[in-house]
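# Examination of the molecular architecture
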Amino acid sequence: MGLDMYAWAVAKEDAISDFEIARKDDDSGAKVEEFFYWRKHHDLHGWMENLYRAKGGTDESFNCCPVRLTLEDLDRLEKDITGYKLPHTEGFFFGDNPPDAESVERDLQFIKMARNQIVYLDKEVYYDSWW
């Protein structure tokens, strides 16, 4: 058990809202592509929960709650990562891994990939987690 975190890319027509992706049970349905994964990156998860709440997300527990990331969101995230301003976040299944140069570099790699999905591949990007 633990905090598993994902970034998904979907076609624009399959993005229903900031919190919902079209999902269908057959092969003709929405194609959801996982392009990034983190394990127990609790402070990033806290940042994503703050974004979810700021966009109007209301689920009491921020678990299995997708949230769409825009280019503006990614710009803010990049500033917070490089400034070591991710909010300290705790949870029973979250682990205790303080940010370091390696996690910063990995997060910046995610931001670059997410921007590529949005700008060049014309996709929408969502963060999701499960713990």
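Just above sits the structure.
Attention in this report is confined to the structure presented alongside it.

About the cut-offs
Residues numbered from 1 in each chain as written. Predicted model: local features only at pLDDT ≥ 70, side-chain atom pairs only at ≥ 80, totals over all residues. Heavy atoms only, no water. Phe/Tyr/Trp six-rings, centres within 6.5 Å; stacked < 30°, edge-to-face > 60°. Helix = DSSP H or I, 4+ residues; strand = E, 2+ residues; numbered from the N terminus. Buried < 20%, exposed > 50% of the residue type's maximum accessible area, 1.4 Å probe, protein only. Pairing = 2+ DSSP bridges. Axes fitted to C-alpha atoms, helices over the stretch in contact; angles between N-to-C directions. Contact = heavy atoms within 4.5 Å.

### Concerning the packing of aromatic side chains
One pass over the structure, following the stated rule, counts 10 aromatic pairs. A centroid spacing of 5.0 Å and a plane angle of 40° characterise the contact between Tyr52 and Phe62, whose relative ring orientation is tilted. Separated by 10 residues along the polypeptide, Tyr52 in helix 1 (residues 42–54) and Phe62 in the loop between helix 1 and strand 3 (67–69) bring together distant segments of the chain. Comparing Tyr52 with Phe62 shows no difference in burial state: the two are buried. Members of the aromatic cluster, connected to one another through ring pairs, are Phe19, Phe35, Phe36, Trp38, Tyr52, Phe62, Phe110 and Tyr127.

### Digging into the sheet that holds strand 4 (residues 123–130)
Judged by pairing direction, the sheet is antiparallel, and its four strands sit side by side in the order 2-1-4-3 without closing on themselves. What marks the edges here is a single partner per strand, and that holds for strand 2 (33–39) and strand 3. Each neighbouring strand pair of the sheet contributes to a mean axis angle of 30°, computed without reference to strand direction. Here three bridges tie strand 3 to strand 4, and the two strands are oriented antiparallel to one another. Within strand 4, the residue paired with Leu69 across the bridge is Val125. Helix-sheet contacts for helix 1 involve strand 1 (4–11), strand 2, strand 3 and strand 4, and the interaxial angle to strand 3 is about 95°.

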